[in-house]
Amino acid sequence: MHGDHEQMLGGLITAHHLAALEDLPALIAGYAGLTGFTEPVLYVADLQNQFLVPLPGQCDAGGGPLGPIRVDTTMAGRAFRSLEIIQARHTGCGPSPTLPGQGPWRLWVPLLDGTEHIGVLVLTAASDDEATRRQAARLASLVALILSSKRATSDTYARLVRTRPMQLSAEVLWTLLPVRTFATERVVVTAALEPAYLVGGDAFDYALVGDTLYLSIFDAMGHDTAAGLTATIAMGACRNNRRQGADLLATSEAIDAAIAEQFGGTRFATGILGRLDTRTGLLTWVNRGHHPPLVLRGGHVVATLQVEPDPPMGFGMAALRQPSHYQLEPGDRLLFYTDGVIEARNPAGQVFGLERFADFVIRREADGVSAPETLRRLIQTLLEHQRDHLDDDATVLLVEWHSQRHRQLLL
């Protein structure tokens, strides 16, 4: 059995190099069968994490085409949300078992690239013991890595994860944004951005250099293609200067100059540029006309990182203040956000508000919900608040320092 398991993983690693995305279901079915897994089905999450969508060429037990399934109301969705393997007796083939523990079993296994939720792998197994679950988890980890390596060059993947047409500004921004969830032993970063298909001027970015995590969030003026271009320039100038070793203040000045050069002072972006020492928890940041970040600790907002902001970027106005500092404590959650979150209004004119926003994140933390799942639920709540129509871009960047929650979910 051990040899079959090694042959499954090793064979799949070798075979995937020349495989297209569309080849993966058949490839996985062939190699999964070496260890007794049958009827595999591969689902990926749509852009808004509302649905799990099957890869092309897969069929149900009756040979019919598979369709999208909801994340919030299905067994596969439960595995996706909880990051746990979900199992149930499989009644799709042969008579139902009559003895306790008798198979076959259907397993729903989350697909993770690092800590990014990609989708779910569904498998049928003869048993549901620890060894079978371990093999299923390892197979799912490899499948997730393969999917991640294929999606950037596959329009099939891009079409699968979209439920509606995407505007040009959103197309450009989604191409440039980093993956929405990233984690190391010390820190978790996760982000959400809506409206996914119409987003104009919001953007987020992060990067790790040794022990230093760089963070940024931008909110460009307007909701059109020019707003998307402004945000794109802000992200590009930020990365370019950061990678040349510029400090936060100099980087913000470079963003200001780049936007001003392109638009002559008629466009601007607010933003926060931050730097977190992942060893010590010391946060350093520059605020260019943006809403102050929040620090959550022990079920409370313990700090609003309010400082006198410098001018927004794009007017050619120099920053006047030195970067600010704040010492995080282990387990703290740091929230960056744009005004589309707290200023979202329902048809009655009621704003979502800063207090409700912070309380929502605090309550999900108390429930033991992971950071990515917290933001997924937050976006759904914002959409419900505005009857599925956001009047402004809403972006949240959540950073969790020295917490063990993500490790407990992954191990």
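Chains are numbered independently. Their residues run from 1 in the order of the written sequence. With pLDDT at 70 or above as the cut-off, local features in this predicted model cover only qualifying residues; side-chain atom pairs require 80 or more to be listed or tallied, and sums for whole chains, interfaces and linings still use all residues. Derived side-chain values reflect all non-hydrogen atoms in the structure, with water molecules and hydrogen atoms excluded from consideration.

This next bit is on the overall build of the chain. From N to C terminus, the chain includes twelve helices and 17 strands. Taken over the C-alpha atoms alone, the chain extends approximately 75 × 50 × 40 Å along its principal axes. Any residue under 20% of the maximum accessible area for its type is buried, any over 50% is exposed, and the rest in between are partly exposed; the area is computed with a 1.4 Å probe on protein chains only. Residue burial in the chain is summarised as follows: out of 411 residues, 54% are buried. Across the chain, every contact between residues at least 6 apart in sequence was considered, and the portion connecting residues at least 24 apart equals 67%. To be clear on the numbers: accessible area is Shrake-Rupley with a 1.4 Å probe, and residue cover counts the displayed protein chains and nothing else. Accessible surface for the chain amounts to roughly 17,600 Å². Of this, 53% is attributable to carbon and sulfur atoms. Under the convention used here, Asp and Glu are negative, Lys and Arg are positive, and both His and the chain ends fall outside the count. Lys charges are placed at NZ, Arg charges at CZ, Asp charges at CG and Glu charges at CD. Once the 34 positive and 45 negative side-chain charges of the chain are each reduced to a mean point, those two points are 3 Å apart. By the criteria applied, helices consist of DSSP H or I runs no shorter than four residues and strands consist of E runs no shorter than two, each listed in order from the N terminus. Note on contacts: a residue pair is in contact if any heavy atoms of the two residues lie within 4.5 Å.

A few words now on the sheet that holds strand 10 (residues 212–220). We call two strands paired when DSSP finds no fewer than two bridges between them. If you walk across this open sheet you meet the five strands as 9-10-11-12-15, and the pairing is antiparallel. The sheet is open, and its two edges are formed by strand 9 (202–209) and strand 15 (324–327), each paired on a single side. On average, each strand axis in the sheet is tilted by 15° relative to the strand beside it, whichever way the strands run. Two elements, strand 12 (residues 282–288) and strand 15, share four bridges in a ladder whose sense is antiparallel. In the strand pairing of strand 15, Leu283 is matched with Tyr326. Where helices are involved, their axes are fitted lines through C-alpha atoms of the stretch in contact, as for all axes, and angles between N-to-C directions lie from 0 to 180°. Each of strand 9, strand 10 and strand 11 (269–277) is contacted by helix 7 (residues 225–243), which is oriented at about 160° to strand 10, the strand it contacts most.

Moving on to the nonpolar core. We call a set of buried Ala, Val, Leu, Ile, Met, Phe, Trp, Tyr and Cys residues a nonpolar core when their side-chain atoms join them within 4.5 Å. Trp174, Phe218 and Ile255 are the most contacted members of the largest nonpolar core, which totals 50 residues. The leading source of residues in this core is helix 7, at six residues. Beyond its immediate stretch of four places on either side in the chain, Ile255 contacts Phe218, Ala234, Ala237, Cys238, Leu273 and Met313. By size, the runner-up hydrophobic cluster in this structure holds 34 residues, among which are Leu24, Trp105, Ala140 and Leu147.

Spatially, the six strands line up as an open sheet ordered 3-2-1-6-5-4, and their pairing is antiparallel. At either margin of the open sheet sits one strand with a lone partner, and together these are strand 3 (69–70) and strand 4 (86–89). Strand direction decides the pairing type here: strand 4 and strand 5 (residues 105–113), joined by four bridges, are antiparallel. In the sheet register, Ala88 faces strand 5, and the bridge partner there is Arg106.

Here the expected span of a helix is defined as 1.5 Å times the quantity of residues minus one. Taking 1.5 Å as the rise per residue, helix 11 (residues 371–385) with 15 residues should run 21 Å; its terminal C-alpha atoms sit 21 Å apart, in good agreement. Helix 11 sits mainly inside the fold: twelve of its 15 residues count as buried. Arg387 sits one or two residues past helix 11 and shows a positive phi near 55°.

What follows concerns the pattern of salt bridges. Salt bridge, as used here, is a side-chain nitrogen of Lys or Arg placed within 4 Å of a carboxyl oxygen of Asp or Glu. Evaluated as defined, the whole model comprises 19 salt bridges. Across the salt bridge formed by Arg363 and Asp359, the nearest N and O atoms sit 2.7 Å from each other. In this pair, Arg363 and Asp359 both sit in helix 10 (residues 354–366), four residues apart, roughly one turn of the helix. Arg363 gets classed as partly exposed once you look at its relative accessible area, which sits at 48%. A relative accessible area of 32% places Asp359 in the partly exposed class. In this structure, the salt-bridge partner of Arg376 is Glu373, at a minimum N-O distance of 2.9 Å.

Before going further, it helps to spend a moment on the packing of aromatic side chains. Two rings from Phe, Tyr or Trp (for Trp, the six-membered ring) form a pair when their centres sit within 6.5 Å of each other. Planes less than 30 degrees apart are called stacked, planes more than 60 degrees apart edge-to-face, and all others tilted. Summed over the entire model, instances satisfying the criterion amount to three aromatic pairs. Seen from their ring centres, Phe268 and Phe315 are 5.1 Å apart, and the 40° between their planes marks the pair as tilted. Taken as a pair, Phe268 in the loop between helix 8 (248–263) and strand 11 and Phe315 in the loop between strand 14 (300–304) and strand 15 lie far apart in primary sequence, 47 residues in all. Judged by its relative accessible area of 25%, Phe268 falls in the partly exposed class. Note on Tyr337 and Phe357: the rings are 5.4 Å apart at their centroids and 65° apart in plane angle, and the pair reads as edge-to-face. In this pair, Tyr337 is assigned in strand 16 (residues 333–337) and Phe357 in helix 10, connecting sequence segments 20 residues apart. The residues Tyr337 and Phe357 share a single accessibility class, namely buried. Consider the ring centre and the ring normal. A charge sits over the ring if Lys NZ or Arg CZ is within 6 Å of that centre and within 35 degrees of that normal. The side chain of Arg364 reaches across the aromatic face of Phe360, ending 4.7 Å from its centre.

So, on to the packing of helix 7 against helix 8. At their nearest, the axes of helix 7 and helix 8 sit 9 Å apart, and the two run at 140° to each other. Taken together, the axes of helix 7 and helix 8 lie oblique to each other. Here helix 7 runs over helix 8; the crossing is right-handed. Listed contacts from helix 8 to Ala226, Leu229, Thr230, Ile233, Ala234, Ala237, Cys238, Asn241 and Arg242 of helix 7 are Thr251, Ala254, Ile255, Ala258, Ile259, Gln262 and Phe263. Taken together, the residues of the contact of helix 7 with helix 8 break down into eleven nonpolar, four polar and one charged. Angles below 35 degrees are treated as roughly parallel, those above 145 as roughly antiparallel, those between 65 and 115 as roughly perpendicular, and all remaining angles as oblique. Less than a right angle of anticlockwise turn of the near helix away from the far helix marks a crossing as left-handed, whereas a clockwise turn marks it as right-handed. Each residue gets one of three labels, nonpolar for Ala, Val, Leu, Ile, Met, Phe, Trp, Tyr, Cys and Pro, charged for Asp, Glu, Lys and Arg, and polar for the others, Gly among them.

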